[in-house]
Amino acid sequence: MKFTAKQIASFVNGEVVGNENAEVYTFAKIEEGTAGALSFLANPKYTDYIYTTKSSVVLVNRDFEPSSEIEATLIKVDNAYQSLATLMMMYEASKPKKQGISSLASIAASAKIGENCYIAPFVVIGENCEIGDNCHILDGVSIGDGAKVGNNCLLYAHVTVYHDCRIGNNCILHSGCVIGADGFGFAPTANGYNKIPQTGIVVLEDDVEIGANTCIDRATMGTTIIHNGVKLDNLVQIAHNDEVGSHTVMAAQTGIAGSTKIGQWCVFGGQAGVSGHSTIGDRTTVGPQCGTIGSIKGGETLLGSPAVNAKEHIRLVAYMKRLPAMDKKIKELTKELEALKNK
């Protein structure tokens, strides 16, 4: 399917600079552009590529002013990255969707399946499950007894949703993620560890996306809850009885210990860790490999392990770089002091 620059501009409220009839049919990074491709420029580090790209059309921010001639047609928009995301979502939505239930799927007689769903081979849906409308459930997905999945959800191959868990509307669960496994609860005894039954559930609210091989544990009692709009990367661990606030995002290998409350609009870098039984306030940024101990007020940017305010961490790192020179100087001064004492 081809679109002209003029058509694309109408989709994103943009202004065409160049040939409004230039056609595109695919997407490409600006440095790898080819004829017929749509690219974008948002990061200034990539500005040089706009003068050499072979892409036919490039989305740029409205304040962009070229310093030399550009072969590609430009579409100026308020936010090039956001506009690209909008176009890519439209492109995905235009693709034909599969429908129907495979004869190789195993669906309990008591389960309820909504309209316009696609259920692939080797899917297992347990007793008293409810699947909403327009859901796509791909190969090998397992949905336990009593679980519920809302409308317009996409569950990729080999997703596991344990019994009684709740998935909201417009959720995406990537391959291998596990929703509702037992929390890590054991009581120490003289003879070892006795397992504590995990009787709670997991609730994902609307518009949540869970990355591949991410695990969200069911509550010991009550609910582990992931609120609206949360986006979790691959290999993230959310422990039992956690609560993750709306629109919080977590990069790969982040780990949140049990009974922790994460605020809204927080950002976690890769391999960040949060101690258990703590509260992280709204709009907190936790840097990569950062480890928090105890509760954190909202609105801070944290670095290091144990975590400290980003500005303080930068000062500490600067001091650490000076330590070898300081050590050498102290040794020299010690020798001089000893020499003076000997005199």
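Numbering of residues starts from 1 in each chain and follows the order in which that chain's sequence is written. It should be noted that, the model being predicted, local features are given only for residues of pLDDT at least 70 and side-chain atom pairs only at 80 or more, the latter also being counted only at that level, while totals for whole chains, interfaces and linings use all residues. Only hydrogens and water are set aside; all other atoms, that is, all heavy atoms of the structure, feed into the side-chain values.

A. Inspection of the pattern of salt bridges at higher detail. Salt bridges are defined by distance alone: a side-chain nitrogen of Lys or Arg within 4 Å of a carboxyl oxygen of Asp or Glu. Within this structure, the stated rule accounts for eight salt bridges. A salt bridge links Glu32 to Lys29; its shortest N-O distance comes to 3.5 Å. Residue Lys95 pairs with Glu92 through a salt bridge whose shortest N-O separation is 3.0 Å. With a relative accessible area of 44%, Glu92 lands in the partly exposed category. Through salt bridges that share partners, Lys29, Glu31 and Glu32 make up one connected network. Each residue gets one of three labels from its accessible area relative to the maximum for its type: buried under 20%, exposed over 50%, partly exposed in between, using a 1.4 Å probe on protein chains only.

B. Representation of the sheet that holds strand S7 (residues 73-77). Spatially, the five strands line up as an open sheet ordered S2-S7-S6-S5-S4, and their pairing is mixed. Single-partner strands in this sheet number two, and they are strand S2 (15-17) and strand S4 (26-27). For two strands to pair, DSSP has to find at least two bridges joining them. Secondary structure follows DSSP: runs of H or I at least 4 residues long count as helices, runs of E at least 2 residues long count as strands, and numbering of each begins at the N terminus. Here strand S5 (residues 37-41) runs beside strand S6 (residues 57-61); their pairing, made up of four bridges, is parallel. Note that in S6 the partner of Ser39 across the bridge is Val58.

C. Examining the nonpolar core more closely. To qualify as a nonpolar core, a set must consist of buried Ala, Val, Leu, Ile, Met, Phe, Trp, Tyr and Cys residues joined through side-chain atoms within 4.5 Å. Within the largest apolar cluster, 51 residues are counted, with the highest numbers of intra-cluster contacts made by Ile143, Leu173, Ile179, Leu204 and Phe268. Taken together, the elements giving at least two residues each to this core come down to strand S11 (118-119) and strand S24 (201-204). Apart from residues lying up to four places away in sequence, Ile143 is in contact with Val124, Ile125, Gly126, Cys129, Ile131, Ile137, Val149, Leu155 and Val161. With 14 residues, the next largest nonpolar core counts Ile8, Val12, Val24 and Val57 among its residues. Should any heavy atoms of two residues lie within 4.5 Å, those residues are counted as being in contact.

D. Local environment of the packing of aromatic side chains. When the centres of two rings from Phe, Tyr and Trp lie within 6.5 Å, Trp using its six-membered ring, the rings pair. Their planes under 30 degrees apart give stacked, over 60 give edge-to-face, and anything left gives tilted. Inspection of the entire model under this criterion finds five aromatic pairs. With 5.7 Å between their ring centres and 80° between their planes, Phe27 and Tyr91 make a pair best called edge-to-face. Of this pair, Phe27 sits in strand S4 while Tyr91 sits in helix H2 (residues 80-94), placing them 64 residues apart in sequence. For the ring pair Phe40 and Tyr81, a centre distance of 5.7 Å and an interplane angle of 50° mean the geometry is tilted. Of this pair, Phe40 sits in strand S5 while Tyr81 sits in helix H2, placing them 41 residues apart in sequence. Tyr81 sits in the exposed class, given a relative accessible area of 55%.

E. Just the environment of Cys165, in detail. Relative to the assigned elements, Cys165 resides in the loop between strand S18 (160-161) and strand S19 (166-167). When residues no more than four places from it in sequence are discounted, the contact partners of Cys165 are Ala147, Lys148, Ile179, Gly180, Val202 and Arg218.

F. Seen up close, H2. One less than the residue count of a helix, multiplied by 1.5 Å, gives the span that helix is expected to have. When the terminal C-alpha atoms of H2 are compared, their 21 Å separation across 15 residues agrees well with the 21 Å that a helix rising 1.5 Å per residue should span. Within H2, burial applies to Ala80, Ser83, Leu84 and Leu87. The arc that holds every buried residue of H2, seen down its axis, measures 100°, which confines them to one face. Opposite the packed face of H2, turned more than 90 degrees from it, sit the exposed residues Tyr81, Gln82, Met89 and Ala93. Buried residues along H2 sit in contact with helix H1 (5-12), S4, S5, S6 and S7. Polar contacts here mean pairs of N or O atoms no more than 3.5 Å apart (in protein, one a potential hydrogen donor and the other a potential acceptor; neighbouring residues in sequence count only if both atoms are side-chain atoms). For H2, the N-terminal capping position is held by Asn79, with its side-chain oxygen 3.1 Å away from the main-chain nitrogen of Tyr81. Working note: the arc is built from the helix axis to C-beta atom directions.

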